[in-house]
Amino acid sequence: MGKVYLTGAGPGDIDLLTVKALRVVREADVIIYDRLANPDILKEAKDGCEFVYVGKADGRHTLPQDQINEVIYQNALKYDNVVRLKGGDPLVFGRGGEEAKYLKERGIAFEFIPGVTSAISVPAYAGIPVTHRGVAVSFKVVTGHEAPNKEHSQVDWESMKADETIVFLMGLHNLGNIAKNLIRIGRSEDTPCAVISKGTTPEQKSVTGTLADIHAKVKAAGIKTPALIVVGKVVELKKDLEWINEKD
Ligand code: SAH
């Protein structure tokens, strides 16, 4: 029986892959990977390594999670070194915990290899620090996928009144609702926002605005997934801290 490495691929820029992740990728007999993992990483695999794609697009699963769990398990019965490669960090909205549990219940050894999460690195590549002395002393990473008007929302909108940074992942298609809800709970319409698409890649593109106008601006700019949303005063630092020239 093999071992499964539940591995973070980082946000896109291949240089943000960790040394440990690169090591297990080079030793892998099989790599089971997601849509968000940079495919150039696969070029690092040894000859004969098998590749299995189990990508999902924005919550629409190509393969349901229980089938992905089973694919990983079956590969662990077959191979010594199994790498499960996921975009960003495997445990930040990555379902790595569920996969590990499934393996553990079946007696398969695993390791978590944390990755550079998009939640922090994508804002950084757009010149936005998630915390900044005197501006934001905390930040929150929230799923933007859940419809905010859902009856039994697990997302605690009321907790977002404080002047902290909020990063929404998987929220592009819900941007209008997210902005409306933040205004409803009392965040000012002028609260700065940024939406960053394909962050850390050569196609990185960002749009800045306020809770009042961000949705329209993002629509007009034709922003594509993957994209994340940053809400809070730290977004104002972008004009001074931008360090990448984005293409139009
Ligand atoms: N485990 C991942 C997140 C998975 S959820 C991580 O730690 O980064 C998928 C969401 O992550 C996308 O919908 C998007 O909101 C965000 N995301 C991932 N890569 C991104 C990128 N390069 N640019 C912008 N957003 C990204």
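Looking up the protein in an unreviewed UniProt entry gives the name uroporphyrinogen-III C-methyltransferase, with the organism given as Hydrogenimonas cancrithermarum. In UniProt, the protein has this text filed under Pathway (unreviewed entry): "Porphyrin-containing compound metabolism; siroheme biosynthesis; precorrin-2 from uroporphyrinogen III: step 1/1."

Caption draft 1: Structural view of helix α1 (residues 19-27). Listed as buried for α1 are Ala21, Val24 and Val25. Buried residues along α1 cover an arc of 105 degrees about the axis, so they all sit on one side. Considering only its buried residues, α1 is in contact with β1 (3-8), β2 (30-33), β6 (81-86) and β7 (109-113).

Caption draft 2: Structural detail: the site of the ligand. In the vicinity of the ligand, 18 residues are found, and the nearest of them are Asp89, Val92, Thr117, Ser118 and Ala227. Between Asp89 and the ligand, the recorded distance is 2.8 Å, taken from a backbone N or O atom to a nitrogen atom. Look at the ligand: alone it shows 550 Å² of surface, and the protein chains cover 94% of it. Residue assignment for the shell around the ligand shows that the elements contributing at least two residues are α4 (118-125) and β12 (227-231). Residues of the shell around the ligand, tallied by class, amount to eleven nonpolar, five polar and two charged. When residues of the shell around the ligand are sorted by domain, at least three fall in each of domain 1 (3-113) and domain 2 (118-241).

Caption draft 3: View of helix α3 (residues 96-105). Among all positions in α3, only Gly96, Glu99, Ala100, Tyr102 and Leu103 are buried. All buried residues of α3 project into a common sector of 160 degrees when viewed along the axis, lining one side. Seen from the open side of α3, the exposed residues pointing more than 90 degrees away from its buried face are Lys101, Lys104 and Glu105. Along its buried surface, α3 packs onto β1, α2 (65-78), β6 and β7. Positive backbone phi, at 75 degrees, marks Gly107, one or two positions downstream of α3.

Caption draft 4: Seen up close, the domain arrangement of the protein. By domain assignment, the protein separates into domain 1 (3-113) and domain 2 (118-241). For domain 1 and domain 2, the distance between their C-alpha centroids amounts to 28 Å. In this complex, domain 1 contributes eleven residues to the contact, which on the side of domain 2 involves 16 residues. For the pairing of domain 1 and domain 2, the buried interface totals around 930 Å² over both sides, and the portion due to carbon and sulfur atoms is 64%. Taken together, the connections running from domain 1 to domain 2 amount to zero salt bridges. Inspection of the domain 1/domain 2 interface yields three residue pairs in polar contact (both at pLDDT 80 or more). Of the residues that constitute the side of domain 1 that touches domain 2, the class distribution is five nonpolar, three polar and three charged.

Caption draft 5: Layout of the environment of Pro129. With respect to the element layout, Pro129 can be found in the loop between α4 and β8 (139-143). In this structure Pro129 comes out as partly exposed when scored by relative accessible area, which is 22%. In this structure the C-alpha to C-alpha distance between Pro129 and Val52, which are 77 residues apart in sequence, comes to 35 Å. Sequence-distant contacts of Pro129, defined by excluding residues within four places in its chain, comprise Val234, Leu237 and Leu241.

Caption draft 6: Structural view of the environment of Lys104. As for its position among the elements, Lys104 is in helix α3. Taking the C-alpha atoms as reference points, Lys104 and Tyr73, separated by 31 residues in sequence, lie 9.9 Å from one another.

Caption draft 7: Highlighting the sheet that holds strand β3 (residues 50-53). Read from one edge of the open sheet, five strands run β3-β2-β6-β1-β7, paired in parallel fashion. With one partner strand each, in any of the chains shown, β3 and β7 form the two edges of the open sheet. Adjacent strand axes in the sheet meet at a mean angle of 20 degrees, parallel and antiparallel pairs treated alike. Along the sheet face, α3 touches β1, β6 and β7 and points at about 165 degrees away from the line of β7.

Caption draft 8: Fine view of the pairing of strand β10 (residues 192-197). The buried fraction of β10 is high, at six of six residues. Because side chains alternate across β10, one face comprises the buried residues Pro192, Ala194 and Ile196, and the other comprises Cys193, Val195 and Ser197, equally buried. Strand direction decides the pairing type here: β10 and strand β11 (residues 205-210), joined by six bridges, are antiparallel. The residue bridging Pro192 from the neighbouring strand is Thr210, located in β11. Pairing of β10 with β12, which is carried by five bridges, proceeds in the antiparallel orientation. Looking across to β12, one finds that Val195 is bridged to Ile229.

About the cut-offs
- Residues numbered from 1 in each chain as written.
- Predicted model: local features only at pLDDT ≥ 70, side-chain atom pairs only at ≥ 80, totals over all residues.
- Heavy atoms only, no water.
- UniProt positions renumbered as here; feature names shortened; annotations may be inferred.
- Buried < 20%, exposed > 50% of the residue type's maximum accessible area, 1.4 Å probe, protein only.
- Helix = DSSP H or I, 4+ residues; strand = E, 2+ residues; numbered from the N terminus.
- Arc of directions from axis to C-beta.
- Contact = heavy atoms within 4.5 Å.
- Near = heavy atom within 4 Å.
- Polar contact = N/O pair within 3.5 Å; in protein donor to acceptor, adjacent residues only side chain to side chain.
- Areas by Shrake-Rupley, 256 points an atom, 1.4 Å probe, with all protein chains shown as cover.
- Nonpolar A, V, L, I, M, F, W, Y, C, P; charged D, E, K, R; others polar.
- Domains from an automatic or database assignment.
- Buried area = accessible area lost by both parts, 1.4 Å probe.
- Salt bridge = Lys/Arg side-chain N within 4 Å of Asp/Glu carboxyl O.
- Pairing = 2+ DSSP bridges.
- Axes fitted to C-alpha atoms, helices over the stretch in contact; angles between N-to-C directions.

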